[in-house]
Each structure stands twice: as structure tokens, then as C-alpha cells.
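Results of the structural survey
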Amino acid sequence: GKAYATEAWAALTRAGHAVPGITRIEIRCDPANERSALVPRRLGFRHRETVTVPATDGRPVTTMVWELTRDDALIA
């Protein structure tokens, strides 16, 4: 509740986009965790898709995929 996750992801996003060749940053989170989904939303990431994939134990796991491209970052 102190915005540490948002600050950390903002720093990681800036660092990632500073690396030549990296054109897209992706954040994945559990759709049931509404607070986690706020982080990419606050940083201007777009929700690309929600997917269900098998976990290491074979159980299905649903995850939200958020993305921010270098071009998006220049606009924001």
C-alpha cells in the first residue's frame, strides 16, 4: 500500500527501455489480485491478453499479460 511495487516496476521499465534492442516490456499478474493489476495500469501498460497455461504441476493458471513498447513509453 506504499507504492513500492509501482516504483520498482517504473525503475525496471526505464532500465529495460534504456537497453538497446529491447522494444517491449511485459508484466504478468494474477487477475484475482486486483492490486497487482493496478501497477501496470498506473505505468501506462496496455492489457494485451489474459491466458490460462499449465503450471509446473499441471494445474491451469490464469495470468494477465500487460505490455509497454518503447514507442508507448515515449508517448507517456
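No experiment lies behind these values; they were computed from the predicted model shown.

A few words now on the overall build of the protein chain. For the protein chain, the helix and strand inventory stands at three helices and three strands. Along the chain direction, N to C, the helices and strands of the protein chain fall in the order α-β-α-β-β-α. Taken along the three principal axes of its C-alpha coordinates, the protein chain extends 40 × 30 × 20 Å. By the burial criterion, 28% of the 76 residues in the protein chain qualify as buried. Taking as baseline every contact in the protein chain between residues at least 6 positions apart, the subset at least 24 positions apart corresponds to 51%. Per element, the accessible surface of the protein chain, about 5,300 Å² overall, is 56% carbon and sulfur.

As a further point, take the nonpolar core. Of all hydrophobic cores here, the largest spans eight residues; its members are I25, I27, C29, A37, F45, M64, W66 and L68. Sequence-distant contacts of W66, that is, excluding residues within four places in its chain, are made with I25, E26, I27, C29, A37, P40, R41, F45, R46, H47 and R48.

Basis of the calculations
- Residues numbered from 1 in each chain as written.
- Predicted model: local features only at pLDDT ≥ 70, side-chain atom pairs only at ≥ 80, totals over all residues.
- Heavy atoms only, no water.
- Helix = DSSP H or I, 4+ residues; strand = E, 2+ residues; numbered from the N terminus.
- Buried < 20%, exposed > 50% of the residue type's maximum accessible area, 1.4 Å probe, protein only.
- Contact = heavy atoms within 4.5 Å.
- Areas by Shrake-Rupley, 256 points an atom, 1.4 Å probe, with all protein chains shown as cover.
- Core = buried A, V, L, I, M, F, W, Y, C linked by side-chain atoms within 4.5 Å.

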